[in-house]
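Letter by letter, the chains look like this.
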Amino acid sequence: MSAVTVTLHTPYDGDYARHGVEFSSVHFSAPAGTDPDWLELSLRVIPGCATLVEFEFDPNTGDGRFILLDSEVCPGDYRLKGPAPYALEVDARIQHNGRQYGQILTHIETDMWHALCGAEQSGAITGRRENEPVTCPACRERWQRCQVYGHADFENLNWPKKAPSSV
Ligand SMILES: [Zn+2]
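Described in the following lines is the structure provided in the data block. Since we're looking at a predicted model, the values are computed, not measured. Along each chain, numbering runs from 1 in the same order as the chain's sequence is written. At least 70 in pLDDT is required for a residue's local features to be given in this predicted model, at least 80 for side-chain atom pairs to be given and counted, and no such filter applies to totals for whole chains, interfaces and linings, which use all residues.

In this section: the overall build of the protein chain. In terms of regular secondary structure, the protein chain is built from three helices and 11 strands. Overall, the protein chain shows an N-to-C arrangement of helices and strands of β-β-α-β-α-β-β-β-β-β-β-β-β-α. To assign burial, the other C-beta atoms lying within 10 Å of each residue's own C-beta are counted, with C-beta atoms placed from the backbone; 20 or more indicates buried, 12 or fewer indicates exposed, and intermediate counts indicate partly exposed. Relative to its full complement of 167 residues, the protein chain shows a buried share of 21%. Placing C-beta atoms from the backbone, we regard two residues as in contact once those atoms come within 7 Å. Of the contacts made within the protein chain by residues no fewer than 6 positions apart, 58% connect residues no fewer than 24 positions apart. The way it works is that DSSP assigns letters per residue, a run of H or I at least four long becomes a helix, a run of E at least two long becomes a strand, and they are numbered from the N terminus.

Moving on: unusual backbone geometry. Most peptide bonds take the trans form, and the phi angle of most residues other than glycine is negative. In this structure, E54 is a non-glycine residue whose phi angle is positive, near 55 degrees. Among the secondary structure elements, E54 is positioned in strand β4 (residues 53–58). A positive phi angle, close to 55 degrees, is found at N131, a residue other than glycine. Checked against the element boundaries, N131 lands in the loop between β11 (124–130) and α3 (137–146).

As a further point, take the nonpolar core. Structurally, a nonpolar core is described as a collection of buried Ala, Val, Leu, Ile, Met, Phe, Trp, Tyr and Cys residues joined by way of C-beta atoms within 7 Å. The biggest cluster of nonpolar side chains holds 14 residues, and the ones touching the most others in it are V6, L8, V26, F28, A30 and L43. Of all the secondary structure elements, the ones that give two or more residues to this core are β1 (4–8), β3 (24–29), α2 (36–43), β5 (63–68) and β6 (76–80). The leading source of residues in this core is β5, at three residues. Once residues lying within four places of it in the same chain are set aside, the contact partners of L8 are V26, F28, V73, P75, G76 and Y78. Core analysis: the next-biggest nonpolar cluster, separate from the first, contains 12 residues, A87, A115, C117 and A119 among them.

On to the sheet that holds strand β7 (residues 86–91), then. Should DSSP find at least two bridges between two strands, the strands are regarded as paired. Taken together, three strands build an open sheet; the order of strands is β10-β7-β11 and the sheet is antiparallel. Each end of this open sheet is capped by a strand with a single partner; those strands are β10 (104–108) and β11. The sheet shows a mean angle of 25 degrees between the axes of neighbouring strands, taken without regard to direction. Angles run from 0 to 180 degrees between N-to-C directions of axes, and those axes are lines fitted to C-alpha atoms, restricted for helices to the stretch in contact.

Those residues of α2 not exposed but buried are L39, S42 and L43. What you see down the axis of α2 is that its buried residues fit within an arc of 95 degrees, all on one side. Looking at the buried side of α2, the elements it contacts are β4, β5 and β6. Taking the helix axis as origin, the arc is that swept by the directions to the C-beta atoms.

Put into structure tokens, the structure is as follows:
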């Protein structure tokens, strides 16, 4: 997809008492016909939106919303060029009896600062870079195994995603 401009409206602060957590609900407008999957991934590039949840978008009307649990975003127009793949560099080298084990590898980042293979749990993150080649064999293998899944394999999702509810 080519670049699209989305408008984020002023967030609505969620009801703390009712839901037990603070959150903000962000309504947005995007061009009708925009692919929802592309949009959900691309929105994560906007500062504050990396960990958005409960994404809903109706490609017929161009209206959507998502929820931010632990971050904030500035309302306004954003030009989205597409999802950006990030690679996480983790130094997993250790010294033992005078020998060095492990190495520095780059991994697929899933959540921000989290590698697909979980490498950050046993090493030190030394970098986070856009469009960096992935060198971790475990990340590659997991990515490859996921390729057999398509939309129809997710029982609890309605495709296309349902229209936004009025909150
Ligand atoms: Zn990895």
